[in-house]
Amino acid sequence: MSDSMFRELDSLGLNTKDDRIGELIDRHLGASALDPRAVVKVLSNFGSTTRVAQLVKVLASLRKRGLELNEFLASSAINACRKCCEWEMALNILQTMAVSHVTLNTITYNAAVSSCEKGGQWAKALGLLAEMTVINLQLNTITYSAAASACEK
């Protein structure tokens, strides 16, 4: 996503209607707005800014335009939240994805556990580990490392 798109998002503000955000997305992404690979790149750029609230609005707008959510989009959005220390937003995205019947995987949950770790939310991180075992997701070194690190903080 270009700097000009971020500037335009900033000028629109957080209370902007989804159709205005959709127009902005169309102008900057065109036909690739519904290409999950292009959107993953866009979402990952939000992590280098403090625009996480805008990320959620952009994701909602893309969904309304027909973008199918998947585990890659979920992981990218959650990682962007992690980079900005927005663990609550990361957990909200995880919950939204689950409710939307997106198949979440270990990578997606690891991103959420890492978000909790970065936010110092050890209890939430351990809760995600428990949830992973309930839904039979494989815990790995990254999972345990992020959870252990959360408990240290």
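Above: the structure in question.
Since the model is a prediction, treat every value here as computed from it, not as a measurement.

K.L.:
Break down the packing of helix H8 (residues 122-134) against helix H9 (residues 141-152) for me, with residues and values.
P.N.:
Close contact between H8 and H9 brings their axes to 8 Å; oriented N to C, the two are set at 155°. It follows that H8 is roughly antiparallel to H9 by the angle criterion. As H8 packs across H9, the resulting crossing turns out to be left-handed. Listed contacts from H9 to Trp122, Ala125, Leu126, Leu129 and Met132 of H8 are Thr143, Tyr144, Ala147, Ala150 and Cys151. When grouped by side-chain class, the residues that make up the contact of H8 with H9 number nine nonpolar, one polar and no charged.

K.L.:
Account for helix H6 (residues 87-99), naming residues and giving values.
P.N.:
The end-to-end C-alpha distance of H6 is 18 Å, a good match for the 18 Å that 13 residues give at a rise of 1.5 Å each. Considered for burial, the residues of H6 that qualify are Trp87, Ala90, Leu91, Ile93, Leu94 and Met97. Down the axis of H6, the sector holding all buried residues measures 155°, keeping them to one side. Of the exposed residues in H6, those oriented more than 90 degrees away from the buried face are Glu88, Gln95 and Val99. Looking at the buried side of H6, the elements it contacts are helix H4 (52-64), helix H5 (71-83), helix H7 (106-118) and H8. Looking one or two places after H6, you find His101, whose phi comes out positive at around 65°.

Rules behind the numbers
- Residues numbered from 1 in each chain as written.
- Predicted model: local features only at pLDDT ≥ 70, side-chain atom pairs only at ≥ 80, totals over all residues.
- Heavy atoms only, no water.
- Axes fitted to C-alpha atoms, helices over the stretch in contact; angles between N-to-C directions.
- Helix = DSSP H or I, 4+ residues; strand = E, 2+ residues; numbered from the N terminus.
- Parallel < 35°, antiparallel > 145°, perpendicular 65-115°, else oblique.
- Left-handed = near helix turned anticlockwise from the far one by under 90°.
- Contact = heavy atoms within 4.5 Å.
- Nonpolar A, V, L, I, M, F, W, Y, C, P; charged D, E, K, R; others polar.
- Expected span 1.5 Å × (residues − 1).
- Buried < 20%, exposed > 50% of the residue type's maximum accessible area, 1.4 Å probe, protein only.
- Arc of directions from axis to C-beta.

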